[in-house]
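Structural characterization, general
Read off the chains here:
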Amino acid sequence: MKQLHHQKADDQRVVITGMGAITPLGLNVDDTWQNMIDGKSGIKKIEHFDITEFRSQIAGMVEGFDVSNYMSPKDARRYDTFMHYGMASAAEALKQAGFIDEISAKECPVKGVDANRFGVVFGSGIGGIQTIENSRDTLKERGAKRVTPFIIPGTIVNMPAGLLAIKYGLKGANLATATACTTSTHAIGLAARLICYGDADVMLTGGSEYASSPLGMSGFASMHALSTRNDEPTKASRPFDKNRDGFVLAGGSGALVLESLAHAKARGAHILAEVVGFGMSDDASHITAPPSDGDGAKRAMQNALNDAGIEPKVVGYINAHGTSTPAGDVAESQAIANLFGTNALVSSTKSMTGHLLGAAGAVEAIATIQALQTQIIPPTINLDDLDEKCAELKLDYVAHTARQVEDLNYAVSNSFGFGGTNGSLVFAKWQN
């Protein structure tokens, strides 16, 4: 029989001690969170390439980012933008956790920890598509000898994890997840289990993405997956709304530092929240569309609750995958209603950030942890006319405006990806 999370030994309990974010809403966790609870949108018209002939011409863009704060100019040229974002979010998380004193472009071994027991699980849904595009152009226009020798290490999904290990001297387990839009939710869950199983004391985990390149935009648009509300960018991402027409592609990164409770206590760390449950499943039905009853999503959430040893009734908030696609929003809503009942508090922060693909789960986990810490539920903006099928389920989508709540002790964060892969995390408010 599964024990309640608070009955586990301290070396099996997993807590969060650091977080970092690079998003369309801000270049750190605090700015991202403030803009979330203010209900601001980070969606804009694309300006970094000619979008005239593109169906979708909008994206969630990271603005004001200076990679030189995190990498040398030489390394920045070698590695794709998704890696830049990953290095930045990880630096913020490590600094908050107290493992580094300052954020720097130089190598900076972590302090106060056995590096052999400090690992990394960091993923990306797509990887370096921008660099692949550019290198293909070079091959066609200038020949094979002019293609950069960094075309492979500069684009592969596991390189952010490798670069982080090198920069910070992290000698423990090192791996990457690549499960589409569930990537960084799986990364967090797997990192937590590595600690639970005794393979590590500390893990740096999360995901990063930059896919709003011409090929990325045209590929998703050809699937009719993207919103074409090009004249109203800030209103384009509208989960659960009757007039939604697809998701908005976005870039960025989220990173978390996880530790065993025993390790965190021993070094006097400031604890932000606890990871108490992780669940996975697959729809096993279609490469992109979920079953209408949300069965796979429900099973992932139930598995996470089982792992935590808690009942659905104690969960006070669900940060939905909520991409703003016609089928996905209804299926997830159905799954939530079936498991948690009517009036469950649900919101989609993708209404503000857009869809960060492989980085979405980590950014949304951070938002969920912030909700537990502040007792504020971020809103679902642009929810002007609730979808009729969603309305029948009688969920509370926290439309338009953030909401102050009381006694929010457990919250769930969901991610679902192409191939039918599903992941759910349960976080608990930290109480000494």
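Our structure is the block above this text.
This text gives an overview of the structure that appears in the document. Everything quoted here is computed from the prediction, not taken from an experiment. (Residues numbered from 1 in each chain as written. Predicted model: local features only at pLDDT ≥ 70, side-chain atom pairs only at ≥ 80, totals over all residues. Heavy atoms only, no water.)

Moving on, we get to the overall build of the chain. Counting secondary structure elements, the chain contains 13 helices and 14 strands. For 432 residues, the compact-globule estimate of 2.2 N^0.38 gives 22 Å, and the C-alpha radius of gyration of the chain, at 20 Å, lies within 12% of that figure. With the C-alpha coordinates aligned to their principal axes, the bounding extent of the chain is approximately 60 × 50 × 40 Å. Scored against the burial criterion, the 432 residues of the chain give a buried share of 60%. Of all intrachain contacts in the chain linking residues separated by at least 6 positions in sequence, the fraction that spans at least 24 positions is 79%. Taking the 37 positively charged and 46 negatively charged side chains of the chain as two groups, their mean positions are separated by 4 Å. (Helix = DSSP H or I, 4+ residues; strand = E, 2+ residues; numbered from the N terminus. Rg over C-alpha atoms; globule rule 2.2 N^0.38 Å. Buried < 20%, exposed > 50% of the residue type's maximum accessible area, 1.4 Å probe, protein only. Contact = heavy atoms within 4.5 Å. Lys, Arg positive; Asp, Glu negative; His and termini not counted. Charge placed at Lys NZ, Arg CZ, Asp CG, Glu CD.)

Right, let's talk about the packing of helix α1 (residues 29-37) against helix α12 (residues 360-374) for a bit. For the pair α1 and α12, the least separation of the axes is 11 Å and the interaxial angle reads 75°. In this view, α1 runs roughly perpendicular relative to α12, as classed from their interaxial angle. Each of V29, W33 and M36 in α1 lies in contact with α12, whose residues at this interface are V363, I366, A367, Q370, A371 and T374. Looking at the contact of α1 with α12, its residues break down into seven nonpolar, two polar and no charged. (Axes fitted to C-alpha atoms, helices over the stretch in contact; angles between N-to-C directions. Parallel < 35°, antiparallel > 145°, perpendicular 65-115°, else oblique. Nonpolar A, V, L, I, M, F, W, Y, C, P; charged D, E, K, R; others polar.)

Taking strand neighbours across the sheet as the criterion, the 10 strands line up as β5-β4-β6-β7-β1-β8-β14-β13-β9-β10 in an open arrangement whose pairing is mixed. The sheet is open, and its two edges are formed by β5 (174-175) and β10 (346-347), each paired on a single side. With eight bridges connecting them, strand β1 (residues 14-22) and strand β7 (residues 252-260) associate as antiparallel partners. Paired with V14 across the bridge in β7 is S260. Across the sheet, helix α3 (residues 81-97) is in contact with β1, β4 (118-123), β6 (202-209) and β7; its angle to β1 comes to roughly 135°. Strands in contact with helix α6 (residues 183-196) are β1, β4, β5, β6, β7, β8 (273-282), β13 (410-417) and β14 (421-429); relative to β6, the strand with the most contacts, it is inclined by about 170°. (Pairing = 2+ DSSP bridges.)

What follows deals with the side chain of E259. You can see E259 is positioned in strand β7. According to the relative accessible area criterion, E259 is buried, its value standing at 0%. Of the polar contacts made by the side chain of E259, one reaches the side chain of T17; its length is 2.8 Å. Within the structure, E259 has its side chain in polar contact with the side chain of R267 (distance 2.4 Å). (Polar contact = N/O pair within 3.5 Å; in protein donor to acceptor, adjacent residues only side chain to side chain.)

With that settled, consider the nonpolar core. Among the nonpolar cores identified, the biggest contains 48 residues, and I16, M19, L256, L258, I369 and F427 are the most heavily contacted of them. Secondary structure elements with two or more residues in this core: β1, α1, α6, β7, β8, α12, β11 (376-377) and β14. Within the second largest apolar cluster, 37 residues are counted, among which are M87, A93, M159 and V202. (Core = buried A, V, L, I, M, F, W, Y, C linked by side-chain atoms within 4.5 Å.)

Attention now goes to the side chain of T81. If you trace the backbone, T81 turns up in helix α3. A polar contact is formed between the side chain of T81 and the side chain of Q130, at a distance of 2.8 Å. If near-sequence neighbours (up to four positions away) are discounted, T81 is found in contact with Q130 and Y210.

Turning our eyes to something else, we now look at unusual backbone geometry. Excluding glycine, residues mostly have negative phi values, and the peptide bonds linking residues are mostly trans. Even without glycine at this site, N382 takes up a positive phi of about 65°. The buried category is assigned to N382, whose relative accessible area is 10%. Of note in the backbone geometry, K394 takes a positive phi value of approximately 60° without being a glycine. Summarising the element assignment, K394 is placed in the loop between α13 (388-391) and β12 (403-404). Here K394 falls in the exposed class, since its relative accessible area comes to 53%.

Here we come to the packing of helix α9 (residues 295-308) against helix α10 (residues 326-340). Think of two packed helices as two axes; the pair is described by the angle between the axes and how far apart they sit. Relative orientation of the contacting elements α9 and α10 amounts to 40°, with a least axis distance of 8 Å. Accordingly, the angle class assigned to the pair α9 and α10 is oblique. In the packing of α9 onto α10, the handedness of the crossing is right-handed. Of the residues in α10, those touching α9 at A297, K298, M301, Q302 and L305 are A335, I336, N338, L339 and F340. For the contact of α9 with α10, a count of residues per class yields seven nonpolar, two polar and one charged. (Left-handed = near helix turned anticlockwise from the far one by under 90°.)

Inspection of every chain in the model, using the stated rule, returns nine aromatic pairs. Judged by centre distance (5.5 Å) and plane angle (75°), the rings of F220 and F247 are edge-to-face. Linking F220 in helix α7 (residues 214-222) with F247 in the loop between α7 and β7, this pair joins segments that are 27 residues apart in sequence. The lysine or arginine in question, R267, covers the ring of F99, its NZ or CZ lying 3.9 Å from the ring centre. (Phe/Tyr/Trp six-rings, centres within 6.5 Å; stacked < 30°, edge-to-face > 60°. Lys NZ or Arg CZ within 6 Å of the ring centre and 35° of its normal.)

This brings us to the environment of S56. Along the polypeptide, S56 turns up in the loop between β2 (43-45) and β3 (58-60). By relative accessible area, which is 3% here, S56 ends up buried. A polar side-chain atom of S56 sits 2.8 Å from the main-chain carbonyl oxygen of S227.

Before going further, it helps to spend a moment on the state of the cysteines. Should the sulfur atoms of two cysteines be covalently bonded, the bond is a disulfide. One pass over the full model with this rule turns up zero disulfides. Its sulfur unpaired, C181 is 19 Å from the next cysteine sulfur, which belongs to C390. A residue is classified by how much of its surface remains accessible, and C181, at 10% relative accessible area, is buried. (Disulfide = S-S within 2.5 Å.)

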